[in-house]
Amino acid sequence: MRILCLGDIFGKPGREAVRALLPPLVKREGIDLVIANGENAAGGVGLTPDTAQELLALGIDVLTGGNHIWKHKEIVPLLETEPRVIRPLNYPEGTPGRGAGLFHTAAGTPVGVISVLGRVFMEPVPCPFGASRRAADELRPQARVILVEIHAEATSEKRALGWFLDGKVSAVYGTHTHVPTADEEVLPGGTGYISDLGMTGPYDSVIGMRKEEVLQRFLTQRPTAWTAAKGDVRMCGALFDIDEESGKTRAVQRVRENM
Ligand SMILES: [Fe+2]
Ligand SMILES: [Fe+2]
C-alpha cells in the first residue's frame, strides 16, 4: 500500500496547493491514504474548524497538528468530535483531543497514525519516546501498518526516535521545521524514515513568513509583525510504499510538486 504524508500546510497558498496538486498525485501514484500536517493551515499559524474541513474535503484522510494547534481556540471542540484531526499525543493528561487513531484505506486496510511532539528546543512535554511506543503497542492488535509523526525542531531527536521505533512501526517521519531533508531511507528493521517532510506552502519566504519581516527581526533583535508569504508554492512530503502483510516499508520517496 502507498501512504502519502504531507508537510505542514501553510496558509491559503498551502491549501490552494493541496487543492490543485493532491488529486492528480493521488491518481498518478495510486495512493491509498493521505496524512497531512495542518498546524499552519489557518493564516500560517494554527488550524480552524473551517480550514480543517476544507482540507479533509480535498482528499486528506488524517490531519495532524503540532505546537501551533492551539492557536485558535475554536479548534478544541473539533479535536474532541472529529476523529480525522489529531493533536500531538504527549501533552499532559486531560488535554482535549486524541494523539493517535485507527484509520482505514478505501480498500478497508487498517492504518494506525500516531503524532508526537519533540522536546529539544521546544516546550517541555512528556516523553515522546515512551508515548509513541505505548501507543504503537496499543494499535498493533488492530493495525499492522502504523506511522509515527514526530513534530520536532532537532533532527537528532527525530533520528533517535526512528532508531527507537525501527522494526516496531512502519514509518517515522518528521514535521515542524518547514524545510525538507534528503535523508529518506528504510531502516534495517523495515521502518521508513525521513527527518522532515518540509512545508506545503510558499518557499519565497522564511519558513512560510514574508522574508523581509523575518529578516528585520534577525537584524534588529526586536519583534516584528509576521505575515504569510505567497510566492514559489510547493507541496512537499514523502510517499511510503508499505507491505500491508508485514507492516514493513519497502521504499520511501520524497515528494515535491510545484504550483
Ligand atoms: Fe509548522
Ligand atoms: Fe510546529
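Here's a quick rundown of the structure. Note that the structure is predicted; figures quoted are calculated from it, not measured.

Quick look at a nonpolar patch on the surface
Together, Val 179, Val 206 and Ile 207 give the surface a local cluster of nonpolar side chains, amounting to about 220 Å² of exposed area. The class of Val 206 is partly exposed, set by a relative accessible area of 32%.

Concerning the coordination of the iron ion (ligand 2)
Distances from the iron ion (ligand 2) to its protein donors, Glu 39 (OE), Asn 67 (OD1), His 151 (NE2) and His 176 (ND1), fall within 2.1 to 2.2 Å. Coordination geometry of the iron ion (ligand 2): the four donor atoms subtend angles of 87 to 143° at the metal centre, consistent with an arrangement described as irregular. For the iron ion (ligand 2), the donor residues sit on a single chain with the sequence spacing E-x27-N-x83-H-x24-H. If you look at the iron ion (ligand 2) and the iron ion (ligand 1), they sit 3.5 Å from each other and are both ligated by Glu 39. Highlighted residues: Asn 67 in the loop between β3 (62-64) and α3 (75-81) and His 176 in the loop between β7 (171-175) and β8 (185-186), separated in sequence by 109 residues. Among the residues examined, His 176 registers a relative accessible area of 11% and is labelled buried.

Quick look at the pattern of salt bridges
Counted under the stated rule, the structure contains 19 salt bridges. Glu 29 is paired through a salt bridge with Arg 2; the nearest N and O atoms lie 2.6 Å apart. Of this pair, Glu 29 sits in helix α1 (residues 11-29) while Arg 2 sits in strand β1 (residues 2-6), and the two are 27 residues apart along the sequence. Accessibility expressed as a relative area gives 22% for Glu 29, which makes it partly exposed. Residues Asp 204 and Lys 211 are paired through a salt bridge, measuring 2.7 Å at the closest nitrogen-oxygen approach. Three or more residues are tied together by salt bridges with common partners; here these are Arg 2, Glu 29, Asp 241, Asp 243 and Arg 250.

Quick word on the sheet that holds strand β5 (residues 110-117)
Pairing is mixed in the open sheet, where six strands are placed in the order β4-β5-β6-β7-β9-β8. Edge positions in the sheet fall to β4 (100-104) and β8, since each of these pairs with one other strand and no more. Looking at chain direction, β4 and β5 are connected through five bridges and run antiparallel. The residue of β5 that forms the bridge with Leu 102 is Gly 112. Sheet contacts for helix α4 (residues 128-139): β4, β5 and β6 (145-151); angle to β5, the most-contacted strand, approximately 165°.

Conventions and cut-offs
Residues numbered from 1 in each chain as written. Chains lettered and ligands numbered in written order. Predicted model: local features only at pLDDT ≥ 70, side-chain atom pairs only at ≥ 80, totals over all residues. Heavy atoms only, no water. Patch = residues over 30% accessible without salt bridge, like charges linked within 9 Å, V, L, I, M, F, W, Y side chains within 5 Å. Areas by Shrake-Rupley, 256 points an atom, 1.4 Å probe, with all protein chains shown as cover. Salt bridge = Lys/Arg side-chain N within 4 Å of Asp/Glu carboxyl O. Buried < 20%, exposed > 50% of the residue type's maximum accessible area, 1.4 Å probe, protein only. Donors = N, O, S within 2.8 Å, 3.2 Å for Na, K, Ca; no water. Tetrahedral: all angles 85-135°; square planar, octahedral: opposite > 155°, others 65-115°. Helix = DSSP H or I, 4+ residues; strand = E, 2+ residues; numbered from the N terminus. Pairing = 2+ DSSP bridges. Contact = heavy atoms within 4.5 Å. Axes fitted to C-alpha atoms, helices over the stretch in contact; angles between N-to-C directions.

So far we have only geometry, and geometry alone does not tell us how the molecule works.
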